[in-house]
Amino acid sequence: MPPKRHIMGLFKSEDKVVAAINALKQSSYEFIRVNTPIPSHKIMDALKLKSSQVGWFTLCGGILGFIAGFALAIFTATRWNLIVSGKPIIAIIPFVVVGFEVTILGAVFGNVIGLLTQTRLPSFRWFKYYDARCSGEHFGVLAACEPMQEDGLKDFFQEQGAEVRIFETIKESPQL
Amino acid sequence: MIENDTKNMQINQTKAYWVFFILVAIGVATFIFGLASGHPERAWQAYLINFLLWSAIAQGAVLFSTVMHITKARWSGPISGLSESFTAFFPLSFILFLLLFLGRTHIFPWLHEDLHGKEVWLNIPFLFWRDFFGLLILYLLGFAYLFNALQLKFDPNQPSGKIRKYIYNAWKQNHRDPERIKGRMTIYGGLYILAFAVVLCLIGFDLVMSMDPHWISTLFGAYHFVKSFFIGLGALIILAAVIRLKQGEGSGIKPNHFHDIGKLFFGFCLLWADFFYVQLMVIYYGNIPEETHYVIVRTMLAPWNKLAWAVFIICFIGPFFILLNQRIKTKPVLMLTICSIVIVGIWLEHLLLLGPALSHDVQSIPLNLSDGLISLGFLGLMVIAVGYFLKVFPEAVPAMENN
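Being a predicted model, the structure only gives us computed values, none of them experimental.

Caption draft 1: Representation of the overall build of chain B within the structure. When helices and strands are tallied, chain B shows 17 helices and 0 strands. A compact globule built from 403 residues should have a C-alpha radius of gyration of about 22 Å, and chain B, at 21 Å, falls within 12% of that. When the backbone C-alpha atoms are referred to their principal axes, chain B occupies close to 60 × 45 × 40 Å. By residue count, 55% of the 403 residues in chain B fall in the buried class. Contacts in chain B between residues far apart in sequence, at least 24 positions, make up 80% of those at least 6 positions apart.

Caption draft 2: Structural detail: the packing of aromatic side chains. All names here are of chain B. Overall, the coordinates contain 38 aromatic pairs over all chains when judged by the stated rule. With centroids separated by 5.0 Å and ring planes inclined at 40 degrees, the aromatic side chains of Trp18 and Phe21 adopt a geometry described as tilted. Linking Trp18 with Phe21, this pair stays in helix α2 (residues 15–36), spanning 3 residues, or about one helical turn. One aromatic cluster is present, formed by Phe90, Phe94, Trp129, Phe132, Phe133, Tyr139, Phe143, Tyr192, Phe196 and Phe225 through successive ring pairs. The ring of Phe101 carries the charged tip of Arg104 above its face, separated from the ring centre by 4.2 Å.

Caption draft 3: Representation of the domain arrangement of chain A within the structure. Taken as a whole, chain A is organised into domain 1 (5–51 + 125–167) and domain 2 (54–119). Look at where the C-alpha atoms of domain 1 of chain A and domain 2 of chain A centre, and you get two points 46 Å apart.

Caption draft 4: Highlighting the sheet that holds strand β3 (residues 139–145) of chain A. Residues and elements named next belong to chain A. Reading across from one edge, β2-β3-β1-β4 is the order of the 4 strands in this open sheet, with antiparallel pairing throughout. Looking at which strands have only one partner, the edges of the open sheet turn out to be β2 (30–35) and β4 (163–166). Strand-to-strand, the axes of this sheet are offset by a mean angle of 25 degrees, without reference to chain direction. Where strand β1 (residues 5–11) lies against β3, 7 bridges are found, and the strand directions are antiparallel. Residue pairing for β3: Leu10 is matched across the bridge by Gly140.

Caption draft 5: Inspection of the pairing of β1(A) at higher detail. Residues and elements named next belong to chain A. Across the 7 residues that make up β1, a large majority, 7, are buried. Here β1 shows no split at all, with Arg5, Ile7, Gly9 and Phe11 on one side and His6, Met8 and Leu10 on the other all buried. Pairing geometry for β1 and β4, over 4 bridges, is antiparallel. Of the residues in β4, the one forming a bridge with Gly9 is Val164.

Caption draft 6: Fine view of the side chain of Asn50(B). All names here are of chain B. Counting through the fold element by element, Asn50 comes out in helix α3 (residues 40–70). Note on Asn50: relative accessible area 0%, which makes it buried. In this structure the side chain of Asn50 is engaged in a polar contact, spanning 2.9 Å, whose partner is the side chain of Trp347.

Caption draft 7: Region of interest: the interface of chain B and chain A. Contacts between the two partners involve 7 residues from chain B and, on the opposite side, 9 residues from chain A. With both chains or domains summed, chain B and chain A bury close to 690 Å², and 72% of this area falls on carbon and sulfur atoms. Three residues, Tyr277(B), Tyr284(B) and Tyr285(B), lead the burial of chain B against chain A; their summed loss comes to 69% of the area buried on that side. At the surface where chain B touches chain A, the tally comes to 0 salt bridges. Of the residues belonging to the side of chain B that touches chain A, the class tally is 6 nonpolar, 1 polar and no charged.

Caption draft 8: Spatial organisation of the confidence of the model for chain B. Residues and elements named next belong to chain B. With 94% of its residues at a pLDDT of 70 or more, chain B has an overall mean of 86. Confidence drops under pLDDT 50 across residues 1–12; counting only partners more than four residues distant or on other chains, this segment forms 34 contacts. Interface confidence in the predicted complex, given as ipTM, is 0.73; pTM for the same model is 0.84.

Caption draft 9: Region of the structure containing the nonpolar core. Ile57(B), Phe86(B), Leu100(B), Phe108(B) and Trp272(B) are the most contacted members of the largest nonpolar core, which totals 129 residues. Top element by residues in this core is α3(B). It accounts for 18 residues. For Ile57(B), the residues in contact, after removing those within four places along its chain, are Phe86(B), Ile231(B), Gly232(B), Ala235(B), Ile343(B) and Met382(B). By size, the runner-up hydrophobic cluster in this structure holds 20 residues, among which are Val17(A), Ala20(A), Val34(A) and Phe157(A).

Caption draft 10: Fine view of unusual backbone geometry. Residue Pro303(B) is reached from Ala302(B) by a cis peptide bond, and omega for that bond is 0 degrees. You can see Pro303(B) is positioned in the loop between α12 (289–299) and α13 (304–323). We note that Lys48(A) has phi near 50 degrees; this positive angle belongs to a residue other than glycine. Position of Lys48(A) among the secondary structure elements: in the loop between α2 (41–47) and α3 (54–80). Of note in the backbone geometry, Asn81(A) takes a positive phi value of approximately 50 degrees without being a glycine. Note on placement: Asn81(A) falls in the loop between α3 and α4 (92–118).

Calculation rules
Per chain, the residues get numbers from 1 upward, laid out in the order the sequence is written. Chain A is the first chain written and ligand 1 is the first ligand written, with later ones labelled in order. A pLDDT threshold of at least 70 governs which residues receive local features in this predicted model, and a stricter bar of 80 or more applies before side-chain atom pairs are shown or counted, although totals over entire chains, interfaces and linings include all residues. As a rule here, side-chain values cover all heavy atoms of the structure and leave hydrogens and water aside. Starting at the N terminus, helices and strands are each numbered in turn, a helix being any DSSP run of H or I of at least four residues and a strand any DSSP run of E of at least two. We compute the radius of gyration over the C-alpha atoms and compare it with the globule rule, which gives 2.2 Å times the number of residues raised to the power 0.38. Relative accessibility thresholds used throughout: buried, under 20% of the residue-type maximum; exposed, over 50%; partly exposed, between the two (1.4 Å probe, protein chains only). A contact between two residues is defined here by any heavy atoms of the two lying within 4.5 Å. Working definition: a ring pair exists when centres of Phe, Tyr or Trp rings (six-membered ring for Trp) sit within 6.5 Å. Plane angles under 30 degrees give stacked, over 60 give edge-to-face, the rest tilted. Two limits define a charge over a ring: the Lys NZ or Arg CZ must be within 6 Å of the ring centre, and within 35 degrees of the ring normal. Here the bounds of each domain stem from an automatic or database domain assignment. By the convention used here, strands pair only if DSSP detects at least 2 bridges between them. All axes are obtained by fitting lines to C-alpha atoms, using only the stretch in contact for helices, and the reported angles, taken between N-to-C directions, cover 0 to 180 degrees. Any pair of N or O atoms that falls within 3.5 Å is considered a polar contact. Within protein, one atom must be able to donate a hydrogen and the other to accept it, and sequence-neighbouring residues count only if both atoms are side-chain atoms. Summed over both partners, buried area is the accessible surface (1.4 Å probe) that two parts give up on being assembled. By salt bridge we mean one thing: a side-chain nitrogen of Lys or Arg within 4 Å of a carboxyl oxygen of Asp or Glu. Three categories are distinguished: nonpolar for Ala, Val, Leu, Ile, Met, Phe, Trp, Tyr, Cys and Pro, charged for Asp, Glu, Lys and Arg, and polar for the others, with Gly belonging to the last. As a per-residue measure, pLDDT tells how confident the predictor is, with possible values from 0 to 100. Definition of nonpolar core: a set of buried residues of the types Ala, Val, Leu, Ile, Met, Phe, Trp, Tyr and Cys, connected through side-chain atoms within 4.5 Å.

Following this line, the structure appears as structure tokens:
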């Protein structure tokens, strides 16, 4: 099979990007990604991404931290068995401070692990089929098609009001 | 709870509104019956709890609008304007405070005690005068803020009544330039926020903490005003949810608004629990009998310990785990339910703080039907006040603006 052609439509307006994404998804062309210079809720909504799983990592980290914090305080207290000003050895009320702090620490660690594993970072492939204008004032919508559909996809983007950039096919398999 | 706020805005559907007048009548009747019976102190206890609770709700809800204005926040959208409708309870709250004077012999257990030098601060005339002026200043600032805030929204096409005409004439003498009006809102709003902190501290010290005159917690005042903002937000969410349920998409209140204000509510739930904990922690470590007895009676000894756990679960543990979920915060019905339960929980928390001081050596928690009926009376007053405001100033409701 001949390699696919990659074409990017460069838009200046957020709303046009949203329209182009919706139209692309209904067409026979393969939608690949959007490069945007700013975070955009409208585009995020149009992409209909799966909801992030990072929150679960944070929750599990928090719960583990909560248990670990109390366990740490209780364990260290029982190593000495020293009664201080009439308080019990395992004094729950002050241990809440340690428990609370370690809950937060655990949640933060969980969150970082979640981010590292779920967001596919670090990425070294982003510059493939990338147009530098997407770091300026353009939104780039990247799509792929069979070589014979190239003109069709080009016209499609122009109808949507975009500047079109056709990329040279990169030899090694373009896994984006 | 405030289901009829919106119904009564649609002037044809005023039937259900009467239910709340009946509730008020039942509440008043129960209260008077309680006074005439053998235990007037029980009726006054319910009165005091409800006065504190409903006033705090109104004060806390109005605080939301001022804070949004001062911080130039946009996220709250139509909810910010809606919170101003709680100003309508201020005059009622003030009258209820004045009536409290009649029950002074029943609600201040320290009246005939030796206070060891605290008489300078804890005596009836000084207490009532300082709280009188405190509330007066707070409410006047609230109205001054509202006066300017409403002028910006005023829609001359709405059907006009006496109050509207009167205020409209007053506005003519005010500045018309929106920037000047906003400037005034900033001044009055800022002063309201300051007064809120100071006056609610004072109320917390005078009407809640002083019930046990030998007990001191420096942070108690701050605890009281954090709690007030917490339940104020709760009541505001209930009102917004009712309006959203009645008017649907047209209300202009979106799931995002519920999500955001739900997060703030969640935050204040944590802050309330935190203010409770930091007091407990210091008392626990200090271990001074003067301080610990207050906590021991309420959290470790029967019958109050059960109530303490109930309050802790209803107001903190429950909402904490439920509100972690993002989707729940965007659902008006669920938020309405959760906030109503939390407000009931805070009612019980007031009972927990005041009860042991007012009812000594009881075998079971002094709670019966009459407390519930008196509370319903206060609920009726709140709904009538807010409903009346929204009827006179439909601009406060976002849907009316859109239409």
